[in-house]
Amino acid sequence: MARVDLKNVAKKFGDHYVVKNVNLEIPDKEFFILVGPSGCGKSTTLRMIAGLEEASEGTVSINGQVVNDVPPKDRDIAMVFQNYALYPHMTVYENMAFGLKLRRYPKSEIDRRVREAAEILNLGPLLQRKPKALSGGQRQRVAVGRAIVRKPHVFLFDEPLSNLDAKLRVQMRVELSKLHDRLQTTMIYVTHDQVEAMTMGDRICVMKDGEIQQVAPPLELYHKPANQFVAGFIGNPPMNFFPVRIEKNKDGVWLRHEAFSLAAPAATADKIRPRVGQEAVLGIRPEDIYDRLFYSSQVPEGSTVKAVVEVLEPMGSEIYLYLKAGKTDVVARMPPYVKTKLHQEIELVFNLERLHLFDKETGVSLL
């Protein structure tokens, strides 16, 4: 059992709060992600769980035991750092065994655990090498192996892949997901990369300015963001946003932008009718925008937007169009067969069933 609970946890330096009133319940065996931009407090939160930072307020519990006053070495956690933190004068074997030697494990047990972890991580042929003779990905696997041999209740990862190149990051994401499935242990993982968060986590906690914005499974975050920040942070390319005014006429409820008007679908109209006359922010993801020339279905009334192509990015399997609708930038993700030219005006079709709407002042979702 390796449950982790944070209740009203805060951290401040002087009078400045870097983490504010964090409440989290992380059940046993979950792969839990803390994600957010630099300076949002995610690493500080992780370090408070590890005991490397002292919580200014609130309680941190592991397996039902409050550990605020328990030193890191007695919390039964293992942490993998961004910079690997390997001893350069030791071999891979010695690096992985070092923590067990400090705890005075028998040599036979140390050898068994190190070789077992090496087999899991495909480090067997590298055990006698020193860190300088390893690639970045291999060093990261050694750092993970050093954590595995401890057999802790909780694994903590602090941006462990940020020093790797793009291809290695993808490979290590897969390896860490496989490792979690094999070990069936609680893992708490910090990253600023929303792609890592979406592809690896059972649940994701999005943070901003030291506060939790939303905690949910990946697809719920993507399709039902709690506010405009989450909507813009999760997804690549990010969601498009348009300032609109909610209006009503005999034909229904409309969303008026300087360059277009969109008819709100019935379900959306019912929710926003009390806000007629107010300003809001409309959001739509790039994949929910189509070129009318290649739109196979009948185009619904009040769903089209005229925009001018400013940049084309062919990606092979798809193409990104960067456009301008009035004064607002738009990004559309389209199939590769869509042919357009720079500075050409095209008619876009917005999927009205996939619209998001946010309060202009608070950013909170209205749908």
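Residues numbered from 1 in each chain as written. Predicted model: local features only at pLDDT ≥ 70, side-chain atom pairs only at ≥ 80, totals over all residues. Heavy atoms only, no water.

## Thoughts on the packing of aromatic side chains
Where two aromatic rings form a pair, the distance of their centres and the angle of their planes describe that pair.
Phase 1 of the analysis: Applying the stated criterion across every chain yields a total of 11 aromatic pairs.
Phase 2 of the analysis: Ring centres 5.4 Å apart and planes at 80 degrees place the aromatic pair Phe 242 and Phe 260 in the edge-to-face group. With Phe 242 in strand S11 (residues 240-249) and Phe 260 in the loop between strand S12 (252-256) and strand S13 (261-263), the pair connects residues that are 18 residues apart, well separated along the chain. For the pair Phe 242 and Phe 260, one class covers both residues: buried.
Phase 3 of the analysis: Put simply, the rings of Phe 31, Phe 155, Phe 157 and Tyr 189 touch in pairs and so form one group of aromatic residues.
Phase 4 of the analysis: Between the NZ or CZ atom of Arg 285 and the centre of the ring of Tyr 222, over which it lies, the distance is 3.9 Å. (Phe/Tyr/Trp six-rings, centres within 6.5 Å; stacked < 30°, edge-to-face > 60°. Helix = DSSP H or I, 4+ residues; strand = E, 2+ residues; numbered from the N terminus. Buried < 20%, exposed > 50% of the residue type's maximum accessible area, 1.4 Å probe, protein only. Lys NZ or Arg CZ within 6 Å of the ring centre and 35° of its normal.)

## Details of unusual backbone geometry
Phase 1 of the analysis: Here Asn 236 and Pro 237 are connected by a cis peptide whose omega angle stands at -5 degrees.
Phase 2 of the analysis: If you trace the backbone, Pro 237 turns up in the loop between helix H8 (228-233) and S11.
Phase 3 of the analysis: Even without being glycine, Asn 122 reaches a positive phi, approximately 55 degrees.
Phase 4 of the analysis: The residue Asn 122 is located in the loop between helix H3 (107-120) and helix H4 (136-148) in this model.
Phase 5 of the analysis: Judged by its relative accessible area of 55%, Asn 122 is exposed.

## As for the environment of Met 96
Phase 1 of the analysis: Relative to the helices and strands, Met 96 resides in helix H2 (residues 92-102).
Phase 2 of the analysis: With a relative accessible area of 0%, Met 96 lands in the buried category.
Phase 3 of the analysis: In the structure, Met 96 is positioned 40 residues away from Ser 56 in sequence and 33 Å away in space, judged by C-alpha atoms.
Phase 4 of the analysis: Setting aside anything within four residues of it in sequence, one finds Met 96 in contact with Val 114, Ala 117, Ala 118, Leu 123, Leu 127, Val 142, Gly 145, Arg 146 and Val 149. (Contact = heavy atoms within 4.5 Å.)

## Considerations on the sheet that holds strand S5 (residues 65-66)
Phase 1 of the analysis: Spatial strand order, S2-S1-S4-S5: four strands in an open sheet with antiparallel pairing. Only two strands of the sheet have a single neighbouring strand rather than two, namely strand S2 (16-26) and S5.
Phase 2 of the analysis: Note that strand S1 (residues 4-13) and S2 share seven bridges and pair antiparallel. Bridge pairing links Leu 6 to Leu 24 in S2.
Phase 3 of the analysis: Packing against the sheet, helix H1 (residues 42-50) makes contact with S1, S2 and strand S4 (57-62), and its axis sits at approximately 115 degrees to S1. (Pairing = 2+ DSSP bridges. Axes fitted to C-alpha atoms, helices over the stretch in contact; angles between N-to-C directions.)

## Re the sheet that holds strand S8 (residues 186-191)
Note: strands within a sheet are paired through backbone hydrogen bonds, in either parallel or antiparallel orientation.
Phase 1 of the analysis: One open sheet holds the six strands; their spatial order is S6-S7-S8-S3-S9-S10, and the pairing between them is mixed. On the outer flanks of this sheet lie strand S6 (77-80) and strand S10 (211-216), each paired with one strand and no other. Here the strands of the sheet are splayed against their neighbours by 15 degrees on average, with no regard to which way each runs.
Phase 2 of the analysis: Pairing analysis gives five bridges linking strand S9 (residues 203-208) to S10, with the strands arranged antiparallel. The residue of S10 that forms the bridge with Met 207 is Ile 212.
Phase 3 of the analysis: Packing of H4 onto the sheet brings it into contact with S6 and strand S7 (154-158), and relative to S6 it is tilted by some 175 degrees.
Phase 4 of the analysis: Its contacts with the sheet place helix H5 (residues 166-183) against strand S3 (31-35), S7 and S8, and it is angled at close to 160 degrees to S8.

## Concerning the pattern of salt bridges
Phase 1 of the analysis: Enumeration over the complete set of coordinates arrives at 23 salt bridges.
Phase 2 of the analysis: A salt bridge links Glu 247 to Arg 256, with the nearest nitrogen and oxygen atoms 3.0 Å apart.
Phase 3 of the analysis: Connected through salt bridges with shared partners, the residues Glu 109, Arg 112, Arg 113, Glu 116 and Lys 151 form a single ionic network. (Salt bridge = Lys/Arg side-chain N within 4 Å of Asp/Glu carboxyl O.)

## A closer look at the packing of H2 against H3
Phase 1 of the analysis: At a minimum axis separation of 10 Å, H2 and H3 run at an interaxial angle of 135 degrees. Between H2 and H3, the crossing angle belongs to the class labelled oblique. Helix-helix and strand crossings are classified by hand; for H2 and H3 the assignment is right-handed. Facing H2, whose interface residues are Tyr 93, Met 96, Ala 97, Leu 100 and Lys 101, H3 presents Ile 110, Asp 111, Arg 113, Val 114, Arg 115, Ala 117 and Ala 118.
Phase 2 of the analysis: When its residues are assigned to classes, the contact of H2 with H3 shows eight nonpolar, no polar and four charged. (Parallel < 35°, antiparallel > 145°, perpendicular 65-115°, else oblique. Left-handed = near helix turned anticlockwise from the far one by under 90°. Nonpolar A, V, L, I, M, F, W, Y, C, P; charged D, E, K, R; others polar.)

## Details of the packing of H2 against H4
For any two helices packed against each other, one specifies the crossing angle of their axes together with the interaxial distance.
Phase 1 of the analysis: Close contact between H2 and H4 brings their axes to 8 Å; oriented N to C, the two are set at 30 degrees. Between H2 and H4, the angle falls in the class roughly parallel. Like other packed secondary-structure pairs, H2 and H4 cross with a definite hand, here right-handed. Along the contact surface, H2 presents Val 92, Asn 95 and Met 96, while H4 presents Val 142, Gly 145 and Arg 146.
Phase 2 of the analysis: Grouping the constituent residues of the contact of H2 with H4 by class yields three nonpolar, two polar and one charged.

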